[in-house]
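# What the coordinates show
In case you want the letters, here they are:
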Amino acid sequence: MSLARIVFCAVLIILGLPLKGQEPVPGNPADVIREGQNQKKALRIVEGVYQAVGFGNTFMVTTSEGNVIIDTSLAAGAAHHVKLLKAENAGPIRYIILTHGHGDHTGGVGLWREPGTAIIAQRNHVEFMHYQARLHGFFGLRNAAQFALPRPAGREWPGNYGAKIEPSLLFDDRHEFNLGATKFELYHTPGETPDHLTVWLPQSKAAFVGDNYYQSFPNIYTLRGTQPRWALDYIHSLDKVLSLKPEVVLPSHGLPIHGNAEITRLLTRYRDAVQYVHDETVKGMNAGKDVFTLMREIKLPAALDVGESYGKLSWSIRGIYEGYAGWFDLNPVTMYEVPSSSVHADLVRLAGGAGAIVKLAMERVEGGRAVEALHLIEAALAADPDSRPALEVRLKALHFLRDRSRNSNERGWLDYSIGVTKGKLAGKQ
Ligand SMILES: [Zn+2]
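Conventions and cut-offs
- Residues numbered from 1 in each chain as written.
- Predicted model: local features only at pLDDT ≥ 70, side-chain atom pairs only at ≥ 80, totals over all residues.
- Heavy atoms only, no water.
- 1 Å grid on protein atoms, 1.4 Å probe; cavity = no way out; pocket = protein on both sides within 12 Å on 5 of 7 lines; lining within 4 Å.
- Points joined across faces, edges and corners; volume = space filled by probe spheres on them.
- Helix = DSSP H or I, 4+ residues; strand = E, 2+ residues; numbered from the N terminus.
- Nonpolar A, V, L, I, M, F, W, Y, C, P; charged D, E, K, R; others polar.
- Patch = residues over 30% accessible without salt bridge, like charges linked within 9 Å, V, L, I, M, F, W, Y side chains within 5 Å.
- Areas by Shrake-Rupley, 256 points an atom, 1.4 Å probe, with all protein chains shown as cover.
- Salt bridge = Lys/Arg side-chain N within 4 Å of Asp/Glu carboxyl O.
- Pairing = 2+ DSSP bridges.
- Axes fitted to C-alpha atoms, helices over the stretch in contact; angles between N-to-C directions.
- Contact = heavy atoms within 4.5 Å.

## Regarding empty space enclosed by the protein
Under the defined criterion, the tally for this structure stands at 3 cavities of 30 Å³ or more. The volume enclosed by the largest cavity comes to roughly 50 Å³. Along the walls of the largest cavity sit His102, Phe128, Tyr131, Gln132, Phe139, Arg224, Gly225, Thr226 and Arg229, which together make up its complete lining. A per-element tally of the lining of the largest cavity places helix α6 (residues 125–134) first, with 3 residues. Of the residues in the lining of the largest cavity, the class split is 3 nonpolar, 4 polar and 2 charged.

Here's what the structure looks like:
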């Protein structure tokens with residue numbers, strides 16, 4: 001390893017950043033959203049382009065006529081990013097560009113905005129913001145659970161179209177402007193969200209791709225809840241970025257990728273991985289297979305294995321399937337508002353009571369079949385909601401799954417469930 005490489009790695013370690021080329025080690029969700037908080041100095045990516053690292057990143061492009069901010073991170077991390085980036089260049093903020101309307105990109109808008117700052121987003125941003133505000137209670141609880149945050153205070157429903165819309169400039173497919181000697185081209189590249197855009201700086205061949213690329217299979221379905229994220233949109237948008245022939249790609253999570261050969265290799269593999277999962281899901285649907293069969297059957301070929309530390313294949317397969325087809329599974333019993341859990345207590349009684357079911361659940365955990373154990377515990381708790389043995393086996397099954405999980409979102413939900421179960425055992429609920 002060269003001295004330069006050793007120094008580079010040491011700097012990344014000090015900053016708390018993953019080394020390039022390493023499979024990201026999934027952190028705990030609460031740690032993931034604190035990413036970059038120890039960064040002491042903004043990264044200079046290419047001439048006039050700086051990055052503050054976080055969940056997500058904030059970028060600043062400096063010009064002789066003022067600066068452009070691309071994404072603004074979560075509200076909680078934004079003040080730190082403002083400090084790091086303004087230390088590099090304290091020029092006026094002429095534009096804020098939002099790659100999309102998620103809170104980890106829009107949270108710091110208020111800290112960056114100055115009189116005369118124009119805020120730019122793709123036109124679908126408006127409905128996307130209204131959608132998030134419309135369901136703010138739903139998302140508030142789920143975000144808190146997934147990322148181990150405090151439960152948000154309840155607030156009044158803002159109505160169907162009650163979001164605060166920050167952007168002053170909206171575009172449909174493409175928008176461009178010049179500032180100083182720098183040209184900015186913006187393209188609508190839907191994927192993670194319908195309002196997603198890519199910023200392209202033709203002179204430095206830099207593409208800011210938001211969340212359409214990161215170091216894991218994409219979260220085509222996220223457990224905190226989402227409207228369908230269309231796999232074919234990701235594919236077209238990645239193709240668009242590849243067609244620009246970038247020399248540097250700057251994702252909103254993680255570190256930039258340098259060099260067109262490496263970018264082409266990584267983004268093509270990513271695109272092909274999404275295409276493979278999409279097409280296999282569609283083939284399975286057309287062959288009459290049910291969603292759970294496809295969640296089990298479809299695996300990425302080794303050459304397309306991009307990791308599952310954030311998005312997960314099985315959730316994405318179900319997201320694609322149900323995105324296309326909705327929830328009905330051809331079984332007439334699911335047409336009705338009476339779920340299978342309505343007969344759990346009867347089955348448990350016929351099996352000899354909750355104790356027998358809990359015993360079987362324990363055997364399942366010990367045999368490595370923890371998910372089956374959780375199903376059995378659901379039944380036992382339907383018959384006896386306060387059963388301590390049932391809750392204790394539930395806890396064992398959850399810990400079994402958590403110990404083996406390599407996915408930060410999965411860990412988040414297991415942690416949440418572990419907390420709820422412990423709370424019940426402590427007699428709090
Ligand atoms: Zn993000």
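## Details of a nonpolar patch on the surface
Residues Trp327, Phe328, Leu330, Met335, Tyr336 and Val338 make up a contiguous nonpolar surface patch of about 740 Å² in total accessible area. Here Trp327 is to be found in the loop between α11 (313–325) and α12 (344–350).

## Digging into the sheet that holds strand β7 (residues 169–171)
One open sheet holds the 7 strands; their spatial order is β1-β2-β3-β4-β5-β6-β7, and the pairing between them is mixed. The open sheet has two edge strands with one neighbour each: β1 (43–46) and β7. With direction set aside, neighbouring strand axes in the sheet form an average angle of 25°. Of the pairings in the sheet, the one linking β1 to strand β2 (residues 49–52) comprises 3 bridges and is antiparallel in character. Its bridge partner lying in β2, Arg44 is registered against Tyr50. With respect to the sheet, helix α3 (residues 75–88) is in contact with β2, β3 (58–63) and β5 (93–97), its orientation differing from that of β2 by roughly 155°.

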